[in-house]
Amino acid sequence: MKYRRAARQVFQRFLAPKVPPVLIASMGRSGSTLMYNAVREAYAELVPPVLPRRFRLGLVSDNAWDIHNRVFEFGVVYKTHALGNELKAFDKPKVIFLFGKASDAAISVMSCKKKYGDHWVKLHFEHLRASGDFDEIYNRDVLRFGDQLDSWIGLSGVERLVLNYDSIWDHQDIVSGFLGIDVDFPIRRERSSLDHVSQADIERLRMCYEDLDSKIARIPSCKLLR
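A brief report on the enclosed structure follows.

Thresholds, definitions, all that
- Residues numbered from 1 in each chain as written.
- Predicted model: local features only at pLDDT ≥ 70, side-chain atom pairs only at ≥ 80, totals over all residues.
- Heavy atoms only, no water.
- Salt bridge = Lys/Arg side-chain N within 4 Å of Asp/Glu carboxyl O.
- Helix = DSSP H or I, 4+ residues; strand = E, 2+ residues; numbered from the N terminus.
- Buried < 20%, exposed > 50% of the residue type's maximum accessible area, 1.4 Å probe, protein only.
- Patch = residues over 30% accessible without salt bridge, like charges linked within 9 Å, V, L, I, M, F, W, Y side chains within 5 Å.
- Areas by Shrake-Rupley, 256 points an atom, 1.4 Å probe, with all protein chains shown as cover.
- Pairing = 2+ DSSP bridges.
- Axes fitted to C-alpha atoms, helices over the stretch in contact; angles between N-to-C directions.
- Parallel < 35°, antiparallel > 145°, perpendicular 65-115°, else oblique.
- Left-handed = near helix turned anticlockwise from the far one by under 90°.
- Contact = heavy atoms within 4.5 Å.
- Nonpolar A, V, L, I, M, F, W, Y, C, P; charged D, E, K, R; others polar.
- Core = buried A, V, L, I, M, F, W, Y, C linked by side-chain atoms within 4.5 Å.
- Phe/Tyr/Trp six-rings, centres within 6.5 Å; stacked < 30°, edge-to-face > 60°.
- Lys NZ or Arg CZ within 6 Å of the ring centre and 35° of its normal.

The full count for this structure, using the stated rule, is 12 salt bridges. Residue D150 is joined to K215 by a salt bridge in which the shortest nitrogen-to-oxygen separation is 2.9 Å. Separated by 65 residues along the polypeptide, D150 in helix α6 (residues 145-153) and K215 in helix α9 (residues 210-217) bring together distant segments of the chain. In this structure, R226 and E159 form a salt bridge, with 3.3 Å as the shortest nitrogen-oxygen distance. In this pair, R226 sits in the segment after β6 (222-225) while E159 sits in the loop between α6 and β5 (160-164), placing the two residues 67 residues apart along the sequence. For R226, a relative accessible area of 64% gives the class exposed. Judged by its relative accessible area of 28%, E159 is partly exposed.

Spelled out as structure tokens, the structure:
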């Protein structure tokens, strides 16, 4: 794995387009994968088309679960669930931070547990710096959604676009302008997580995250911060 990453970084430094790196951050289950895929598709279009599409996508794509002192390569799109105060790299990327209703995100995590199993949950909890186990998701903000919001919105010295998941499709032009490249989003689909979670569990999660949901509802749906 170590040598594979080193080889990828060599390719990225020489072949990736000379445009700013982009870090797609989120509080989890809030549209980060959708945004990540859309931006990397746009960046891949900047790579010479003589290279296979799969190679071009791989060239401009990476994860950054640990962003402390991470070197962000030009022309690469990264995805993370790290906290904003962990971003200490000298060459800071452009940041898009996505958030949404905390209870929706918690319900989505529960749905994913049923669909993908305990291994997915274990990795997701690690990536979000969870402060406890899955069973605590009913009782408190174990996935630190509130910490995610505060750390990325309160960050200073880093240009970032803060977007509510439900408003992504209303601000495609703003995302494109922020990145300086046309970004196309897929057709919007309604969340399907409610289909896999019982009504009793949904009600418990709505109650648990009621205060945080109220706080999130007061945050502007789209805001450029520096």
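Past the structure itself, the notes keep going.
Moving on, we get to a nonpolar patch on the surface. Together, V10, F11, F14, L15 and F55 make up a nonpolar patch on the protein surface, roughly 490 Å² of accessible area in all. The greatest single-element share of the nonpolar patch, amounting to 4 residues, is contributed by helix α1 (residues 2-15). Of note, F11 is situated in helix α1. Residue classification places F11 among the partly exposed residues on the basis of a relative accessible area of 44%.

Time to look at the pairing of β5. The element β5 is largely enclosed, with a buried count of 5 among its 5 residues. In this sheet, β5 lies alongside strand β4 (residues 94-99) in parallel orientation, the contact comprising 5 bridges. Each residue of the ladder has a partner; that of L98, found in β5, is L163.

This brings us to the packing of α6 against α9. Relative orientation of the contacting elements α6 and α9 amounts to 25°, with a least axis distance of 11 Å. It follows from the interaxial angle that α6 and α9 lie roughly parallel. In this structure, α6 crosses over α9, and the sense of that crossing is left-handed. On α9, the residues touching F145, G146, L149 and D150 of α6 are L212, K215 and I216. Each residue belonging to the contact of α6 with α9 can be placed in one class, and the counts come to 4 nonpolar, 1 polar and 2 charged.

Counting residues in each nonpolar core, the largest one holds 70 residues, and the members touching the most others are M35, I96 and I137. If one sorts the elements of this core by residue count, helix α2 (residues 32-44) sits on top with 7 residues.

All told, the structure shown has 7 aromatic pairs when counted by the stated rule. Between Y116 and W120, the ring centres sit 6.2 Å apart and the planes meet at 40°, which makes this aromatic pair tilted. Measuring from ring centre to ring centre gives 5.7 Å for Y165 and W169, while their planes differ by 85°; the resulting arrangement is edge-to-face. For the pair shown, Y165 and W169 are each scored as buried. We note K94 situated over the ring of F178; from NZ or CZ to the ring centre the distance is 5.1 Å. The lysine or arginine in question, R204, covers the ring of Y138, its NZ or CZ lying 3.8 Å from the ring centre.

Taken in spatial order, the 6 strands of this open sheet run β2-β3-β1-β4-β5-β6, and their pairing is mixed. In the strand order of this sheet, the two ends are held by β2 (61-63) and β6, each with one partner. Strand-to-strand, the axes of this sheet are offset by a mean angle of 20°, without reference to chain direction. Helix-sheet contacts for α2 involve β1 (22-26), β2, β3 (77-80), β4 and β5, and the interaxial angle to β3 is about 170°. Running at roughly 155° to β4, helix α7 (residues 172-179) makes contact with β1, β4, β5 and β6 of the sheet.

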